[in-house]
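The residues making up each chain are set out below.
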Amino acid sequence: MLEGVATRITAMINDLGRDVIARTYVNTGPSYDPTRTPVDLTIKAAITRFMAKETDGTIIQSNDMRAHISAGSGLTKQTKIIDGSVEYEIRDIRTVGAGSEIFLYIAQLRDTANG
């Protein structure tokens, strides 16, 4: 019944979404003086606003965004999402799937400049 669901979800995000950058940081350099080096991966995301009734001004703020991202992108809360010139931090991530198979990430994003 669920065969191909992940493939269909990925196809829908590719059709409806746009290119964004998922940025993670790795520590490089010596342990006594580490340097955080960004590692960028271009992914597809369908980004929308939260509806007014979903915002509470604290956990979900009026300028927060929702991103639907296919599961192959390996998101964590430490990942930054860059959409054009705007950098978002991931405030929350929910997974959609069956059993141990994840089909989709739904991430709450907050603009790092205005958050």
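The structure this text deals with has already been given above.
For every chain, the first residue of the written sequence is number 1, and numbering continues from 1 along that sequence. Since the coordinates come from a predicted model, pLDDT governs what is reported: local features require at least 70, and pairs of side-chain atoms require 80 or more to be given and counted, while whole-chain, interface and lining totals use all residues. Note that the side-chain values use all heavy atoms of the structure and ignore hydrogens as well as water.

A.B. asks: Please give an account of the nonpolar core that cites residues and values.
C.D. replies: Residues belong to one nonpolar core when they are buried, are Ala, Val, Leu, Ile, Met, Phe, Trp, Tyr or Cys, and are joined through side-chain atoms within 4.5 Å. The cut-offs for exposure are 20% and 50% of the maximum accessible area for each residue type, with area from a 1.4 Å probe on protein chains only; residues under the lower value are buried, those over the upper are exposed, and the others partly exposed. Judged by nonpolar contacts, the single largest core of 16 residues is most densely connected at Ile47, Ile69, Leu75, Ile81 and Leu109. Where helices and strands are cited, they refer to DSSP runs of H or I of at least four residues and of E of at least two residues respectively, numbered from the N terminus. Residue assignment for this core shows that the elements contributing at least two residues are strand S1 (18–28), strand S2 (35–49), strand S3 (65–70), strand S5 (86–98) and strand S6 (101–111). Whether two residues are in contact is decided by their heavy atoms, any of which lying within 4.5 Å being enough. Among all residues touching Ile47, those that are not within four sequence positions of it are Arg18, Val20, Met65, Arg66, Ala67, Asp83 and Leu109. Counting 6 residues, the second-largest nonpolar core is a separate cluster that includes Val5, Ile9, Ile13 and Phe103.

A.B. asks: Talk me through the pattern of salt bridges; I want residue IDs and the actual numbers.
C.D. replies: Any carboxyl oxygen of Asp or Glu that lies within 4 Å of a side-chain nitrogen of Lys or Arg is treated as forming a salt bridge with it. Scanning the entire structure with this criterion turns up 6 salt bridges. One salt bridge connects Glu54 with Arg66, and the closest N-O pair in it is separated by 2.5 Å. A residue pair is termed long-range when its members are at least 10 positions apart, and Glu54 in the loop between S2 and S3 and Arg66 in strand S3 qualify at 12 residues. According to the relative accessible area criterion, Glu54 is partly exposed, its value standing at 28%.

A.B. asks: Give a detailed account of the sheet that holds S1, specifying residues and quantitative values.
C.D. replies: Pairing between two strands is assigned when DSSP locates at least 2 bridges connecting them. Spatially, S1-S2-S3-S6-S5-S4 is the arrangement adopted by the 6 strands of the closed barrel, whose pairing is antiparallel. Averaged over neighbouring strand pairs, the angle between their axes works out to 45° when direction is ignored. Bridge count for S1 against strand S4 (residues 80–83) is 3 bridges, and the pairing is antiparallel. Bridge assignment links Arg23 to a residue of S4, and that residue is Lys80. Every axis in this analysis is a line fitted to C-alpha atoms, fitted for helices over the stretch in contact. Angles between the N-to-C directions lie between 0 and 180 degrees. Contacts between helix H1 (residues 5–16) and the sheet are confined to S1, S2, S3 and S6, with S6 contributing the most and set at about 35° to the helix.

A.B. asks: Explain H1 to me, and be specific about the residues and the numbers.
C.D. replies: To estimate the expected span of a helix, subtract one from its residue number and multiply by 1.5 Å. Its 12 residues place the ends of H1 16 Å apart at the C-alpha level, agreeing with the 16 Å of an ideal helix rising 1.5 Å per residue. Those residues of H1 that are buried lie in contact with S2, S3 and S6.

A.B. asks: Describe in detail the environment of His68, supporting the description with residues and values.
C.D. replies: Turning to its location among the elements, His68 is positioned in strand S3. Overall, His68 belongs to the partly exposed group, its relative accessible area being 23%. When the C-alpha positions of His68 and Leu104 are compared, they lie 6.9 Å apart, and in sequence the two are 36 residues distant. If we skip the residues at most four places from it in the chain, His68 touches Ile13, Lys44, Ala45, Ala46, Leu104, Tyr105 and Ile106.

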